[in-house]
Amino acid sequence: MELKTADLCDHFSDTVQIAEEPFGDFGGRTIFHGVIETIKAFEDNSKVRECVAEPGEGKVLVVDGGGSMRRAMLGDRLAAKAVKNGWSGIVINGCIRDSADIAEMDLGVKALGTHPCKTEKRGLGDRNVPVRFAGVTFEPGHYLYADEDGIIVSETPLKLPDA
C-alpha cells in the first residue's frame, strides 16, 4: 500500500514534521518512504558514493548539501548504484544532474534543482548525523515519507488505521 503524505498528515499532523521548501521530484518513483540515513557535505559527494554502494533496502538517504545550487550531489551513476542496492529514495538539500536519466530509474529523488557540474571528490562530509533544513530535523533512524505533495518525518513508523 502506498502511503500518501496528505493521508498521513490527516492522522498524524501533531506528531510529524513537515518539510517547508518545495523540493522537485526527479526520480522515476514519486512515492517513497523508509528509515533515514544522513549525510552532511558541501559540494563534495564522496560520502554519497560510499553510502549508495551499501545495501539500502527500506532506507532513504537524506543529503544536506547546504542548499548549494553550484554543484550536483547526485548523478546518474550514483543513482543507478542506489537502485541496484535497493534504496527507496534520496532527498537532497541541493542539486542533482543527469535528471532525464534519473527520471527513468525506479528511485525516489527529491532535490532543490539541477546543475550540470559535478562535485569535487575530497572525501569530506559526515554520515549519520542529525541534519536540519526545510524546517525539519532529519535524524538517522527516524522515518521519512515522500510523495508529490511533500516530505514528512516521524520518529516512529506510521500506519494508517484500517478504513
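So, here's what we can say about the structure. Since this is a predicted model, take the numbers as computed values, not measurements. Here the residue index of a chain counts from 1 through its sequence in written order. Residue-level local features of this predicted model are given only where pLDDT is at least 70; pairs of side-chain atoms are given and counted only at 80 or more, and the full residue set underlies all totals for whole chains, interfaces and linings. For side-chain calculations, the full set of non-hydrogen atoms in the structure is used, while hydrogens and water are omitted.

**Notes on the layout of surface pockets**
Here a cavity denotes a set of grid points, spaced 1 Å apart and computed over the protein atoms alone, in which a 1.4 Å probe fits but from which it cannot get out, and a pocket denotes an open set meeting protein on both sides within 12 Å along at least five of seven lines; residues with an atom within 4 Å of a point are reported as lining. Grid points are joined across faces, edges and corners, and a volume is the space filled by probe spheres set on the points. Of the voids in this model, the largest pocket is the one considered here, and its volume is about 210 Å³. Surrounding the largest pocket, 14 residues form its lining, Arg49, Gly75, Arg77, Arg97 and Lys118 being those nearest its centre. Strands are runs of DSSP state E lasting at least 2 residues, helices are runs of H or I lasting at least 4, and numbering of each runs from the N terminus. Listed by contribution, the elements that provide at least two residues to the lining of the largest pocket are strand 5 (72–74) and helix 3 (76–84). Broken down by class, the residue content of the lining of the largest pocket amounts to 4 nonpolar, 3 polar and 7 charged. Basically, the charged four are Asp, Glu, Lys and Arg, the nonpolar ten are Ala, Val, Leu, Ile, Met, Phe, Trp, Tyr, Cys and Pro, and anything else, Gly included, counts as polar.

**So, the environment of Glu104**
Checked against the element boundaries, Glu104 lands in the loop between helix 4 (99–102) and strand 7 (108–114). The exposure class of Glu104 is exposed, given its relative accessible area of 70%. Along the backbone, Glu104 and Gly75 are 29 residues apart, and their C-alpha atoms lie at a distance of 13 Å. Relative accessibility thresholds used throughout: buried, under 20% of the residue-type maximum; exposed, over 50%; partly exposed, between the two (1.4 Å probe, protein chains only).

**Focus on the nonpolar core**
The nonpolar core is taken to be a set of buried Ala, Val, Leu, Ile, Met, Phe, Trp, Tyr and Cys residues, with the residues joined through side-chain atoms within 4.5 Å. Val48, Leu61, Leu74 and Ile90 are the most contacted members of the largest nonpolar core, which has 22 residues in total. Counting 16 residues, the second largest nonpolar core, distinct from the first, contains Ala134, Phe138, Leu144 and Val153.

**Examining the pattern of salt bridges**
A side-chain nitrogen of Lys or Arg and a carboxyl oxygen of Asp or Glu constitute a salt bridge if their distance falls within 4 Å. Enumeration according to the criterion identifies 10 salt bridges in this entry. Lys40 is the salt-bridge partner of Asp64, the closest N and O atoms lying 3.4 Å from each other. Here Lys40 lies in strand 3 (residues 32–40) and Asp64 lies in strand 4 (residues 59–64), a separation of 24 residues in the sequence. On the basis of relative accessible area, Lys40 is assigned to the partly exposed category, the value being 39%.

**Points about helix 1 (residues 5–12)**
The periodicity of an α-helix, 3.6 residues per turn, causes residues three or four positions apart to be oriented the same way. Looking at helix 1, one finds that the buried residues are Thr5, Leu8, Cys9 and Phe12. All buried residues of helix 1 project into a common sector of 100 degrees when viewed along the axis, lining one side. Only heavy atoms enter the contact rule, under which two residues are in contact if any of them lie within 4.5 Å. On its buried face, helix 1 is in contact with strand 1 (17–18), strand 11 (143–147) and strand 12 (150–154). The arc in question is formed by the directions pointing from the helix axis toward the C-beta atoms.

**Here we look at helix 3**
By the burial criterion, the buried members of helix 3 are Leu78, Ala79 and Ala82. Considered in projection along helix 3, the buried side chains sweep an arc of 100 degrees and stay on one side of the axis. What points out from helix 3, more than 90 degrees from its buried face, is the exposed set Arg77 and Lys84. Of the surrounding secondary structure, the elements contacted by the buried residues of helix 3 are helix 2 (46–52), strand 5, strand 6 (89–96) and helix 4. Once helix 3 ends, the next one or two residues include Gly86, with phi positive near 85 degrees.

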